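A structural walkthrough
Okay, here's what each chain looks like letter by letter:
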Amino acid sequence: MWWTTRRIVIKCLQHQRFLSAAAAAGPEAQTLGIIGVPFAKGQAKQGVELAPDLLRQNKLRQVLQNSDERLVITDYGNLPYAVDETLLQQQRQHYYHIRNYADFMACNLALIGQVQLMLQQNAQFLAIGGDHAIGFGSVAGHLQHTPNLSLVWIDAHADINLHSTSQSGNIHGMPVSFLLEPLRPTWQHASLDKIAPNCLPKDQLVYIGLRDIDPYEAFILNKFGIRHYAMDSIDRVGVPKIIEMTLDALNPQNKIHVSFDIDALDSNVAPSTGTAVRGGLTLREGISIVEALRDTKRVQGMDLVEINPKLGSEHDVRTTVESGLEILKSMFGYRRSGARIYSNLDTGILGHEH
Ligand SMILES: [Mn+2]
């Protein structure tokens, strides 16, 4: 009968009000620090440095706030950095075949400090690139604050080249090699033990979405048994199984860092990016993965990188920005199921009979 249904609806609303009151009283105001990292020198295309401000213009803050009203957001602006003589010397002597090594290191040194600062002041942080070269500083800063960390790298590419294996010299294809314990000796002139002593054990890294792996990258992944769920395994077993295997692989005590390269998504939903590869994740698959990670309540840091507003048409740029915002929304609280906690609902809308 209609009135029975109505009574159930009212009961549900009352229950929801109870939940929201509990949430408001609880200690868990969810603090989030945001840093823009407009770094474009890890690759050759201009434009990726415009992404942080473009996302802000497209209401990044409101989108996040609407996805969870309990979020307390602090935007730290865009990260400045300065190159010093020591780094230029390292570049000249050891890493001259890598494009912009000194800039890469200077920016990431600043980011390592910035991430630690944000985690002292917030429960979570978001770093917006820029190209994926900033993945080094973002994860390294996270590791210095929280040594027990797991990393989920969602990307079309493995970004695990060494200076000796990179064909392009573009350092946005190398950040993971700076983070992993067994690869650190290959960067012996980079003073990593000094600038970022905590590194990532190889069994706490999982890749999702790969479909363009260089030969030496494949060699490294196989040699060290690094878990990588490329698009073919996603096709074979489906996203839910990939999520399950990913979570099984990560230490349940650890916090999680999610480094999301927009090119993990298929180029029809993320066309404006420097190294687009067809046959990627659908937006729904991307959202599913991010939601599952969020639901662990262990994600403490995230990167969103490689959105390039100078590539493609105006429509392409809008599509890419919208996809990026959907991914962020899901990470920071939005639920497609509608199962959210609202504190200010008018529970009288259905009348007052009980
Ligand atoms: Mn990448």
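The structure this text deals with has already been given above.
Computed from a prediction, not measured in an experiment: that's the story for all the values here.

**Quick notes on the overall build of the chain**
The helix and strand tally for the chain stands at 13 helices and eight strands. Computed over the C-alpha atoms, the radius of gyration of the chain is 21 Å, within 12% of the 20 Å expected from 2.2 N^0.38 for a compact globule of 354 residues. Expressed along its principal axes, the backbone C-alpha trace of the chain runs to roughly 80 × 45 × 40 Å. The buried share of the chain, reckoned over its 354 residues, is 53%.

**Some details on the pattern of salt bridges**
The tally for this structure, following the rule as stated, stands at ten salt bridges. Among the salt bridges present, the one from Arg56 reaches Asp53, with a minimum N-O distance of 2.8 Å. With a gap of three residues between them, Arg56 and Asp53 both fall in helix α2 (residues 51-57), about one helical turn apart. Residue classification places Arg56 among the partly exposed residues on the basis of a relative accessible area of 23%.

**A short note on the coordination of the manganese ion**
Tetrahedral coordination by four donors places them ideally at 109.5 degrees to one another around the metal; octahedral coordination by six donors ideally gives 90 or 180 degrees. Distances from the manganese ion to its protein donors, His132 (ND1), Asp155 (OD), Asp159 (OD) and Asp261 (OD), fall within 2.0 to 2.3 Å. The motif formed by the donor residues of the manganese ion, counted along the single chain, is H-x22-D-x3-D-x101-D. Within this pair, whereas His132 is found in the loop between β3 (124-129) and α6 (134-145), its partner Asp261 is found in strand β7 (residues 255-261), the two being separated by 129 residues in sequence. Each member of the pair His132 and Asp261 is classed as buried.

About the thresholds
Residues numbered from 1 in each chain as written. Predicted model: local features only at pLDDT ≥ 70, side-chain atom pairs only at ≥ 80, totals over all residues. Heavy atoms only, no water. Helix = DSSP H or I, 4+ residues; strand = E, 2+ residues; numbered from the N terminus. Rg over C-alpha atoms; globule rule 2.2 N^0.38 Å. Buried < 20%, exposed > 50% of the residue type's maximum accessible area, 1.4 Å probe, protein only. Salt bridge = Lys/Arg side-chain N within 4 Å of Asp/Glu carboxyl O. Donors = N, O, S within 2.8 Å, 3.2 Å for Na, K, Ca; no water.

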